[in-house]
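# Survey of secondary and tertiary structure
Each chain is listed here by its residues.
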Amino acid sequence: MSEPSRNYTNPRQIEAEITDLAFDGKAVGQVGGKITFFDSGLPGETVSGEITRKKARYNYARVLQVLVKSPDRISAPCPHFDICGGCTWQDLNYERQLFYKRKQVIDCLKHIGHLGDIPVDEIIGANEQFFYRNKMEFSMNSEGATGFVLGLHRRGHFDRIFNVEHCLLQSEISNQIANWFRRFVDDKKIPVYDIIDHSGFIRFLVIREGKHTNQVMLNLVTAEGEMPFKDELINKITALVPSVTTIVQNINAAKANIARGDYERILYGPGYIEEKLLDYTFRIYPNSFFQTNTFQAERLYGLIYDFLEPRKDDLLLDLYCGAGTIGICASGLVGSVIGVELEPSAIRAARENAALNNINNIAFHIDSVQDILMQKNGVLNDATCVVIDPPRAGLHPKALKRLAELAYSRLVYVSCNPATFARDAAYLVGAGYAITKITPVDMFPHTMHIELVAALKR
Ligand SMILES: C[S@@+](CC[C@H](N)C(=O)[O-])C[C@H]1O[C@@H](n2cnc3c(N)ncnc32)[C@H](O)[C@@H]1O
């Protein structure tokens, strides 16, 4: 962002003081008495900008200049910060990032859940504020003057990519691989997939890395067809980066622009990597969900088990269990565990992971949480405590109603969306639960994402 200056003449320019950061990371100010959401700017700053979209009750605007800087503003260390759509809070010092994340949890509880009297603990910040991700998805495109690009999305553009030379999110190895792969695809003239006319072949490069095992997976998401120059690619990349232990081609023949295939071909190695969480080992397949920040996931899980107060005779329900990591890591603390998850491939991984760790007191069900909870006298009735970790949309209304009826005495809610958490928590409190503790956890430094763990008791 350019240095402060008041020498602008554009009559459409507006000026505002930024007073807050909104839940989605936008900066909040007022222009002519109307709430205006700016694409950047920090609380305490005065900015000039222009309105980009007008709505009945609020506007959106783009910042052109910061006229008065906040003392919390720092120089973002990432060389791509000005154009990258990734870490939009990198220019806010980390202590203040944590302050605003906790504030957003408090605001959601107050305004959405009308639970303003519930105290929220200090947020658990990350020790590893850079190079913390174990998964990165790099997009590719053919961009007019620039030609082939491989990297991340430009801020504010779903269809424009820039070349990432040095990202601070995953690891230096990941940068090395991405830069090498860009040159390889360009040199070999492998056609890049075009999201408009759906021609071309190569779509995404996904790199996954075991932070505790140093095993690296390359997942090449492509259209239908054999990966060209496959042997040369394998030989060269494994010689350059020996920690690459597996390479998989994921075939996405659909038009949907997602880094996930319908089926896969293992090109090299076993087709998975391993990662450790707490004392357990997990296999991660190209399409399996796995917590993206290994280090903070360990702290998050530690908090879950503290809040759960597990007993050796407990039957624990791990609802929305993904690849079973919460239940598997808890299996030594309780009598037995039942995990429930909709996605069959995640349950396959969960069962395999349980076997890999010699765990015999855990069972998994492929089902929707709302459907399995609705079964009267079903498999979940004898449970004594529950962990729920739903997607951003929060609990399905049927699941919420049934959880309230089943009245489990100890319930831990893990949420990646304080707004839907506040909505669900309000319902559960209305049905007789008390929230005894809420702790936010920063899983994604420099972004506006917030995770939290809450203990609910009957
Ligand atoms: C936030 S992830 C939970 C991950 C897991 N607990 C962990 O820590 O790795 C949410 C999971 O819920 C699953 N899911 C989404 N809707 C569901 C539903 N209605 N019933 C069961 N599982 C669902 C998703 O497939 C996803 O694996």
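Residues numbered from 1 in each chain as written. Predicted model: local features only at pLDDT ≥ 70, side-chain atom pairs only at ≥ 80, totals over all residues. Heavy atoms only, no water.

Turning our eyes to something else, we now look at the site of the ligand. What surrounds the ligand is a group of 17 residues, the closest being Q291, Y301, E341, V369 and D389. Contact between the ligand and D389: a nitrogen atom at 2.8 Å from a side-chain N or O atom of the residue. Elements supplying a minimum of two residues to the shell around the ligand: α5 (325–330) and α7 (369–374). In terms of residue class, the shell around the ligand is made up of nine nonpolar, five polar and three charged. (Near = heavy atom within 4 Å. Polar contact = N/O pair within 3.5 Å; in protein donor to acceptor, adjacent residues only side chain to side chain. Helix = DSSP H or I, 4+ residues; strand = E, 2+ residues; numbered from the N terminus. Nonpolar A, V, L, I, M, F, W, Y, C, P; charged D, E, K, R; others polar.)

With 18 residues, helix α1 (residues 94–111) extends 26 Å between its outermost C-alpha atoms, agreeing within 8% with the 26 Å of an ideal straight helix rising 1.5 Å per residue. Residues of α1 that are buried include every one of Y94, Q97, L98, Y100, K101, Q104, V105, C108 and L109, and no others. Those residues of α1 that are buried lie in contact with β1 (14–21), α9 (418–430), β20 (434–441) and β21 (451–457). (Expected span 1.5 Å × (residues − 1). Buried < 20%, exposed > 50% of the residue type's maximum accessible area, 1.4 Å probe, protein only. Contact = heavy atoms within 4.5 Å.)

Here the focus is the pattern of salt bridges. A complete count under the given rule lists 23 salt bridges for this structure. A salt bridge links K211 to E209, with the nearest nitrogen and oxygen atoms 3.2 Å apart. Residue class for E209 comes out buried when judged on its relative accessible area of 9%. A salt bridge links E309 to K457, with the shortest nitrogen-to-oxygen separation between them at 3.4 Å. (Salt bridge = Lys/Arg side-chain N within 4 Å of Asp/Glu carboxyl O.)

Overall, mixed pairing links the seven strands, which are arranged β8-β7-β6-β9-β10-β11-β12 in an open sheet. Looking at strand neighbours, the two that pair on one side only are β8 (161–163) and β12 (263–268), the edges of this open sheet. For this sheet, the mean inter-axis angle between neighbouring strands, taken without regard to orientation, is 35°. As judged from the five bridges shared by strand β6 (residues 135–143) and strand β7 (residues 147–153), these two strands associate in the antiparallel manner. Paired with S142 across the bridge in β7 is F148. Contacts from helix α2 (residues 172–188) reach β6, β7, β8, β9 (202–209), β10 (216–222) and β11 (244–251) within the one sheet, and its direction differs from that of β9 by about 160°. Lying over the sheet, helix α3 (residues 230–240) contacts β10, β11 and β12, oriented at roughly 150° with respect to β11. (Pairing = 2+ DSSP bridges. Axes fitted to C-alpha atoms, helices over the stretch in contact; angles between N-to-C directions.)

Running from N to C, α2 and α3 point in directions that differ by 155°, and their axes come no closer than 11 Å. The orientation of α2 with respect to α3, classified from their angle, is roughly antiparallel. Considering how the two elements wind past one another, α2 and α3 form a crossing that is right-handed. For the pair α2 and α3, contact is made by Q176, I177, W180, F181, F184 and K188 and by E232, L233, K236, I237 and L240, respectively. By residue class, the composition of the contact of α2 with α3 is seven nonpolar, one polar and three charged. (Parallel < 35°, antiparallel > 145°, perpendicular 65-115°, else oblique. Left-handed = near helix turned anticlockwise from the far one by under 90°.)

Another point: the state of the cysteines. One pass over the full model with this rule turns up zero disulfides. C78 takes part in no disulfide bond, and the closest cysteine sulfur to it belongs to C84, at a distance of 6.2 Å. Under the relative-accessibility criterion, C78 is labelled buried at 12%. The closest cysteine sulfur to the non-disulfide-bonded C416 is located on C108, 12 Å from its own sulfur. (Disulfide = S-S within 2.5 Å.)

Let us look at the domain arrangement of the protein chain. The domain architecture assigned to the protein chain consists of domain 1 (14–68), domain 2 (105–126 + 287–457) and domain 3 (135–277). Between the C-alpha centres of domain 2 and domain 3 the distance comes to 32 Å. Opposite the 15 residues of domain 2 that make contact, domain 3 presents twelve residues. Here domain 2 and domain 3 share an interface that buries about 1200 Å² over both sides, 52% of which is from carbon and sulfur atoms. For the pair domain 2 and domain 3, the number of links is one salt bridge. Scanning the region where domain 2 abuts domain 3 turns up five residue pairs in polar contact (both at pLDDT 80 or more). Elements supplying a minimum of two residues to the side of domain 2 that touches domain 3: α4 (294–308), α5 and α6 (344–356). Ranked by residues supplied to the side of domain 2 that touches domain 3, first place goes to α4 with five residues. Here the residues of the side of domain 2 that touches domain 3 are counted per class, giving seven nonpolar, six polar and two charged. (Domains from an automatic or database assignment. Buried area = accessible area lost by both parts, 1.4 Å probe.)

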